[in-house]
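# Structural characterization, general
Read off the chains here:
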Amino acid sequence: MPNVITEAKLFSCAQSRDLAAKIAESYGTKLGSVITSTYSDGEFQPSFEESVRGSRVFIIGSTHPGSDHLMELLLMLDAAKRASARHITAVIPYYGWARQDRKDKPRVPIAAKLIAKMLETAGATRIITMDLHADQIQGFFEKPVDHLFASTVFLPYLRSLNLENLTIASPDMGGSKRAYAYSKTMESDVVICYKQRAKANVISHMELIGNVEGKNVVLVDDMVDTAGTLTKAADVMMERGALSVRAICTHPVLSGEAYERVENSKLLELIVTDSIPLKKESKKIRVVSCAELFADVMNRVHNNRSISSKFIM
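Identification of the protein chain as ribose-phosphate diphosphokinase from Salinimicrobium flavum is taken from an unreviewed UniProt entry.

## What about the overall build of the protein chain?
The helix and strand inventory of the protein chain stands at nine helices and 14 strands. A principal-axis box enclosing the C-alpha atoms of the protein chain has dimensions of 70 × 40 × 35 Å. Residues classed as buried in the protein chain amount to 52% of the 313 residues present. Of the contacts made within the protein chain by residues no fewer than 6 positions apart, 62% connect residues no fewer than 24 positions apart. Taken together, the 39 basic and 36 acidic charged side chains of the protein chain have centroids lying 4 Å from each other.

## Thoughts on the sheet that holds strand E4 (residues 56–60)
Read from one edge to the other, the open sheet built from five strands follows the order E1-E4-E5-E6-E7, with strand pairing classed as parallel. In this open sheet, the two edge strands, each paired with only one partner strand, are strand E1 (8–12) and strand E7 (145–148). Strand-to-strand twist of the sheet, defined as the mean angle between neighbouring strand axes without regard to direction, takes the value 15°. Sheet strands touched by helix H1 (residues 17–27): E1 and E4. Its angle to E1, the strand with the most contacts, is close to 160°. Across the sheet, helix H8 (residues 291–302) is in contact with E1, E4, strand E5 (87–92), strand E6 (126–130) and E7; its angle to E6 comes to roughly 155°.

## A few points about the pairing of E4
In terms of burial, E4 is largely enclosed, as five of its five residues are buried. Side-chain alternation along E4 places Arg56, Phe58 and Ile60 on one buried face and Val57 and Ile59 on a second face that is also buried. Relative to E4, E1 runs parallel, the two being bridged by five bridges. Looking at the pairing, leucine 10 lines up with phenylalanine 58 of E4.

## Here's the deal with the UniProt feature "domain: Ribose-phosphate pyrophosphokinase N-terminal" (unreviewed entry) in the protein chain
Per the UniProt entry, the sites bearing "domain: Ribose-phosphate pyrophosphokinase N-terminal" (unreviewed entry) are residues 9–123 in this numbering. Secondary structure within residues 9–123 divides into 34% helix and 22% strand; the distance between the first and last C-alpha atoms comes to 16 Å.

## Quick notes on the pattern of salt bridges
Counted by the stated rule, this structure contains 15 salt bridges. One salt bridge in this structure joins aspartate 78 and lysine 81, with 3.7 Å as the shortest N-O distance. Of this pair, aspartate 78 and lysine 81 both sit in helix H2 (residues 67–82), three residues apart, which is roughly one turn of that helix. The class of aspartate 78 is partly exposed, set by a relative accessible area of 22%. We note a salt bridge from aspartate 189 to lysine 215, for which the minimum N-O separation is 3.3 Å. Separated by 26 residues along the polypeptide, aspartate 189 in strand E9 (residues 189–199) and lysine 215 in the loop between strand E10 (202–209) and strand E11 (216–224) bring together distant segments of the chain.

## Some thoughts on the packing of H2 against helix H3 (residues 111–122)
Contact geometry of H2 with H3 gives a least axis separation of 8 Å together with a crossing angle of 30°. Considering the angle they form, H2 stands roughly parallel to H3. Residues Leu70, Leu73, Leu74, Leu77, Asp78 and Lys81 of H2 lie in contact with H3, whose contacting residues are Ile115, Met118, Leu119, Thr121 and Ala122. Its residues assigned to classes, the contact of H2 with H3 comprises eight nonpolar, one polar and two charged.

## What to know about the packing of aromatic side chains
Taken as a whole and assessed by the stated rule, the structure comprises two aromatic pairs. With a centroid separation of 6.0 Å and 70° between ring planes, the pair formed by tyrosine 95 and phenylalanine 141 is classed as edge-to-face. Of this pair, tyrosine 95 sits in the loop between E5 and H3 while phenylalanine 141 is found in the loop between E6 and E7, placing the two residues 46 residues apart along the sequence.

## Re the side chain of threonine 89
Tracing the backbone through its elements, the reader meets threonine 89 in strand E5. Residue contacts for threonine 89: discarding those within four places in its chain leaves Arg56, Val57, Phe58, Ile59, Arg126 and Ile128.

## A closer look at the side chain of aspartate 274
Checked against the element boundaries, aspartate 274 lands in the loop between strand E13 (269–273) and strand E14 (285–288). From its side chain, aspartate 274 meets the backbone nitrogen of cysteine 290 in a polar contact 3.0 Å long. Leaving out residues up to four positions away in the same chain, aspartate 274 has contacts with Leu19, Lys22, Val287, Val288, Ser289, Cys290 and Ala291.

What counts, and where the lines are drawn
Residues numbered from 1 in each chain as written. Predicted model: local features only at pLDDT ≥ 70, side-chain atom pairs only at ≥ 80, totals over all residues. Heavy atoms only, no water. Helix = DSSP H or I, 4+ residues; strand = E, 2+ residues; numbered from the N terminus. Buried < 20%, exposed > 50% of the residue type's maximum accessible area, 1.4 Å probe, protein only. Contact = heavy atoms within 4.5 Å. Lys, Arg positive; Asp, Glu negative; His and termini not counted. Charge placed at Lys NZ, Arg CZ, Asp CG, Glu CD. Pairing = 2+ DSSP bridges. Axes fitted to C-alpha atoms, helices over the stretch in contact; angles between N-to-C directions. UniProt positions renumbered as here; feature names shortened; annotations may be inferred. Salt bridge = Lys/Arg side-chain N within 4 Å of Asp/Glu carboxyl O. Parallel < 35°, antiparallel > 145°, perpendicular 65-115°, else oblique. Nonpolar A, V, L, I, M, F, W, Y, C, P; charged D, E, K, R; others polar. Phe/Tyr/Trp six-rings, centres within 6.5 Å; stacked < 30°, edge-to-face > 60°. Polar contact = N/O pair within 3.5 Å; in protein donor to acceptor, adjacent residues only side chain to side chain.

Here it is in structure tokens:
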């Protein structure tokens, strides 16, 4: 029998169209055609306007709340499955709802697990994502997960700054592993912030474990939501004698008063990826694109080549 050549086709959910266009350009192809029909009550229906039968389909879409983003991705996965795609890869630059990865009190859901099951039920045969809030979320899937690290795109920029007396910092205890990985690569010191919360998104107290006096500090985290932790950490570090404080955060959720906090903070710069589109521009926010990273990994997946260099820090 003749060899079957599986064609790769890239499609985008509406919320990730700008990033998907960059990924497609870097991949060397064009985005496939998708039309979304919307009913007057808000119900919507995506439709592939070209055949995907026998193809390897990459569907690009972040799942940041609200729920329409997740629902659109699920509907497109289901449509590809019912259109007889051979392989269906969900490319999720930002895996939303990931903070609900365990039961931290009684009678609450584990949303990260629920969404993993929904993606698989909808038709995903593979997941490509970046900087999950918790590494163990990979174990919620029964399908292969390629968990990429944004350090691939951040480290070259960080090196280009040529900062003397560099210190890598984690804004909380949970991010210490990530901070240590950056510090090992950059051959720098590490500082950990210890914070206590009065309630979600509200910090009551923060202390530093380590010395920042005379240092150029770079805070490293997987996401920035209200920016309360980052700006509080920057204030504390500058009070303790730091020369400068920057922050590297993969996913710019930036909700509530986050933009105002960043603008009015002692942060010199907030460096993020384009996994989520910015709601507005800020002179303190620099975007480093992750498009080439995803395009390279998708190409390797399609051609059955190793991607270990892209997700091992």
